[in-house]
Amino acid sequence: MVLPIDVPPEMLDIKHLRKSFGSLVAVDDVSFTLAPGQLVGLLGPNGAGKTTTVSMIAGLVTPEQGEVLIDGARLGGDTDPKKRRIGLVPQDLALYDELSARSNLRFFGALYGLAGSALDKAIAAALELVGLADRRNDRVATYSGGMKRRLNLAAGLLHDPDILLLDEPTVGVDPQSRNAIFDNLEVLKSRDKALLYTTHYMEEVERLADRIVVMDHGKVIADDTLDGLQSRVAAPAGGHATLETVFLTLTGRSLRD
Amino acid sequence: MALIPLLAMVRKDLQLFLSDRRSVIVSFVVPIAIASFFGSIFSGPGSNSEPARIAIAIIDQDASAISRSIVAGARADKSLKLAMPTEAEARDEVRRGKTAVAVIIPKGFGEAAGNAFFGNGEKPQLSLLHDPSRGIELAMVRGILTQHVMEAVSREMFGGEQGRRAVEQTLPGIASSSMPAAEKRALMEMLNSVQKFYNQPAAGGAQAGTGRRGLTMPYNVREEAMTAGSNIAYNGYSHSFAGMAIQFLLFAMANAGIEMLIERQRGLWKRLRSAPVSRLTLLAGKAASGAIISLMILLVAFAFAMIVFRVRIQGSILGFLGISIACAVMASTFGLLVAALGNSPATARGVTTLAVLMMVMLGGAWVPTFIFPAWLQQLTVIVPVRWAVDGLDAMTWRGIGLSGALIPVAVLLGFAAAFASVAASRFRWEEG
Ligand SMILES: Nc1ncnc2c1ncn2[C@@H]1O[C@H](COP(=O)(O)OP(=O)(O)OP(=O)(O)O)[C@@H](O)[C@H]1O
Ligand SMILES: [Mg+2]
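Only a predicted model underlies this, so the values are computations on that prediction, with no experimental measurement involved.

Rules behind the numbers
- Residues numbered from 1 in each chain as written.
- Chains lettered and ligands numbered in written order.
- Predicted model: local features only at pLDDT ≥ 70, side-chain atom pairs only at ≥ 80, totals over all residues.
- Heavy atoms only, no water.
- Contact = heavy atoms within 4.5 Å.
- Buried area = accessible area lost by both parts, 1.4 Å probe.
- Salt bridge = Lys/Arg side-chain N within 4 Å of Asp/Glu carboxyl O.
- Helix = DSSP H or I, 4+ residues; strand = E, 2+ residues; numbered from the N terminus.
- Buried < 20%, exposed > 50% of the residue type's maximum accessible area, 1.4 Å probe, protein only.
- Pairing = 2+ DSSP bridges.
- Donors = N, O, S within 2.8 Å, 3.2 Å for Na, K, Ca; no water.
- Expected span 1.5 Å × (residues − 1).
- Arc of directions from axis to C-beta.

> In this structure, what is going on with the interface of chain A and chain B? I would like to understand it.
It is common to give the size of an interface as the accessible area that goes away when the parts come together. Tallying the contact residues gives 35 residues for chain A and 28 residues for chain B. If you sort the residues of chain A by the area they bury against chain B, Leu60, Tyr96 and Leu111 of chain A come out on top, with a joint share of 24%. Taken together, chain A and chain B are joined by 5 salt bridges. Two residues, aspartate 97 of chain A and arginine 266 of chain B, come together in a salt bridge whose shortest N-O distance is 3.1 Å. At the level of secondary structure, the elements contributing two or more residues to the side of chain A that touches chain B comprise α1 (50–58), α2 (101–111) and α4 (145–157) of chain A.

> Please explain the pairing of strand β3 (residues 101–105) of chain B as it appears in this structure.
A regular strand places its side chains on the two faces of the sheet in alternate fashion. Residue and element names in this part refer to chain B. Within β3, 5 of the 5 residues are buried, which leaves the element mostly enclosed by the surrounding structure. Neither face of β3 is exposed, since Val101, Val103 and Ile105 on one face and Ala102 and Ile104 on the opposite face are all buried. Taken together, the 5 bridges between strand β1 (residues 54–60) and β3 define a ladder with parallel strand orientation. Residue isoleucine 56 lies in a different strand from β3, and its bridge partner there is valine 101. Sheet topology places β3 next to strand β4 (residues 127–130); 4 bridges connect them, and they run antiparallel. Paired with alanine 102 across the strands is leucine 129, a residue of β4.

> In this structure, what is going on with the coordination of the magnesium ion (ligand 2)? I would like to understand it.
For a metal with four donors in a tetrahedral arrangement, the ideal angle between donors is 109.5 degrees, while six donors in an octahedron ideally sit at 90 or 180 degrees. Residue and element names in this part refer to chain A. Every protein donor of the magnesium ion (ligand 2) is accounted for by Thr51 (OG1) and Gln91 (OE1), and the metal-donor separations fall at 1.8 to 2.2 Å. Placement of threonine 51 in helix α1 and of glutamine 91 in the loop between β6 (86–89) and α2 is noted, with a sequence separation of 40 residues between them. Residue threonine 51 is classed as partly exposed on the basis of its relative accessible area, which comes to 22%. Under the relative-accessibility criterion, glutamine 91 is labelled partly exposed at 29%.

> I keep staring at helix α5 (residues 175–190) of chain A and nothing clicks. Help me out?
An α-helical turn contains 3.6 residues, so any two residues separated by three or four positions project in the same direction. Residues and elements named next belong to chain A. Here α5 contains 16 residues, and its C-alpha end-to-end distance of 22 Å stays within 8% of the 22 Å for a straight helix at 1.5 Å per residue. By the burial criterion, the buried members of α5 are Ser177, Ile181, Phe182, Asn184, Leu185, Leu188 and Lys189. Angular distribution of buried residues about the axis of α5 spans 155°; they occupy a single face of the element. Every exposed residue of α5 that faces more than 90 degrees away from the buried side is listed here: Pro175, Gln176 and Ser190. Looking at the buried residues of α5, the elements they touch are β3 (39–43), α3 (116–130), α4, β7 (163–167), β8 (194–199) and α6 (202–206).

> I would appreciate a short explanation of the pattern of salt bridges in the present structure.
Pairs can form between side chains of opposite charge once their charged atoms are near each other. Residues and elements named next belong to chain A. A complete count under the given rule lists 30 salt bridges over all chains for this structure. Linking aspartate 71 and arginine 85 is a salt bridge whose minimum nitrogen-to-oxygen distance equals 2.2 Å. With a gap of 14 residues between them, aspartate 71 in the loop between β4 (65–70) and β5 (73–74) and arginine 85 in the loop between β5 and β6 connect regions that are remote in the sequence. Residue aspartate 71 is classed as partly exposed on the basis of its relative accessible area of 36%.

Remember, this is a structural readout, not a statement about activity or role.
So this is what it looks like as structure tokens:
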């Protein structure tokens, strides 16, 4: 006999999100879930609606339809404490170039109410994780692109959120820095964080993603594990499936049509 | 409103402002430099410096006793710097702006003026060639000249040869004129007395020759500049520093508004908005940091003026601080307005530079509003800068007490409230 048990709510549950800009429907009926210790890759070409989706999850953009549930509850406004459970790593390098890494993080931490030694500890831990501790007092303007990307990541996880929204966190980063960032994400996964990772590249999420959500023209066209996706795609002669081949298979057309 | 995020926003904006060397120089050094320059121009004459004389030229084509006496009077006048070129030279000098006014005394002026003095002659003409850009000086020369001409003509008519002749010629004519009998009698009596006066032997040197006095101004003027006190000089630096500090703090705040647009472009507002911070806290943080920066600009400029140019707060110190703070709050909410209404940083920059320049011009930051036409003076009460400049003038060299600060403070805070509410209602909160 099967006892009826309460299914615990998902940590992040996205239901039927829709958002349009004028006549353009940027996000159309997007739904997926995210669990602790899991990394979901949000895959799609330019303009697919990835950033708009992430913005709605973070509360930056109000959806026209649908809802974002965190542990089963909606965000209740600008100052809802549940916002602390979300950490946003924007696609842009959202940093103050003229300030040091430490001053940047002091500011971003204070936005979450961190102060005093708690703030100092959080800054030290975040800088340690992304390997910028020794450059903490240098102006961000003097950083390389890869270092800025790592600081951008550190700023998003300073307040120790449970859910991390990573919008193309490795754009313009060399393979070595990218590996460093991937190592950071492995650590976060092992700490039971839920990660949403946005990218154009299949190869990016192969290493880390437990599930892959593919978006095109605002719609989810696939939501599957890597293996599941691979099995649906005719991989070119024993090689890896790329976003290109996934696309061809799922939509019957090439990416840049 | 949460204190930790609010203080962090203020601290961060101050750090950013101070880390930008260009903005620091533009906000602190440039206003001091310009205000020092304008202050030295607009400063009233100090106790040890000569008043500026008006350059005039007289072309004496008459060479009569009266015209020579006018020239002598003008030469002795402390407000005039007299030259006596030819008419052609004078016209050229005036056209080039080297001479403010040239006076031509035509041939026969003395004779005709003497006759006109007793009321029965054609009035002769005095020509004034003037520089149209120097209307104030023309008016002054006109007034000064009246004095010297009246003195010269009356002196000659009551004591000189020409006067004696005029009376002799006039007396017989009265009997045959059509005047009423009573008036005839009175005029003849008066002229007879004048004739008696002429015929008296000169009693001592003071009564003779140039020592004779004609009509003089029946009063002397004691001028008292209504500043803070009887022994306090008007200090032009008070006004110029108030004006320039306000101009550049407005520029700094317009720039702060544009920086908010740049922050948005760079995705920083995504971080601000994803944090659990209210919209009120975000705007208040921006307004507070802007007000602090504005106040710093104003106070640094005045501190410099006090130390170097001996500008003093002759009125209420509390009133001065009140107006300074109200002005700083007004400016910082103006910055919020720029951020709320601006689209791209580039377009906002052009529009706000123009808006700030208009505000400071009309508000009297460059030139005092009293030289504006009356309708414009009335219109400029809708410009917040006007209230700030007038209020600071009142607290510094005018030496008005705290009561004189209340209305400017109230009006400036009113502007701030209006700016803030428009900014809050038009601000783009979505970060799509
Ligand atoms: N604020 C906005 N105003 C108008 N259109 C917008 C706005 N933001 C996004 N869009 C449009 O919505 C669509 C989705 O944009 P979005 O940024 O979500 O795509 P994306 O998948 O993140 O693309 P990329 O890979 O280039 O970052 C695009 O066509 C974009 O032009
Ligand atoms: Mg994007």
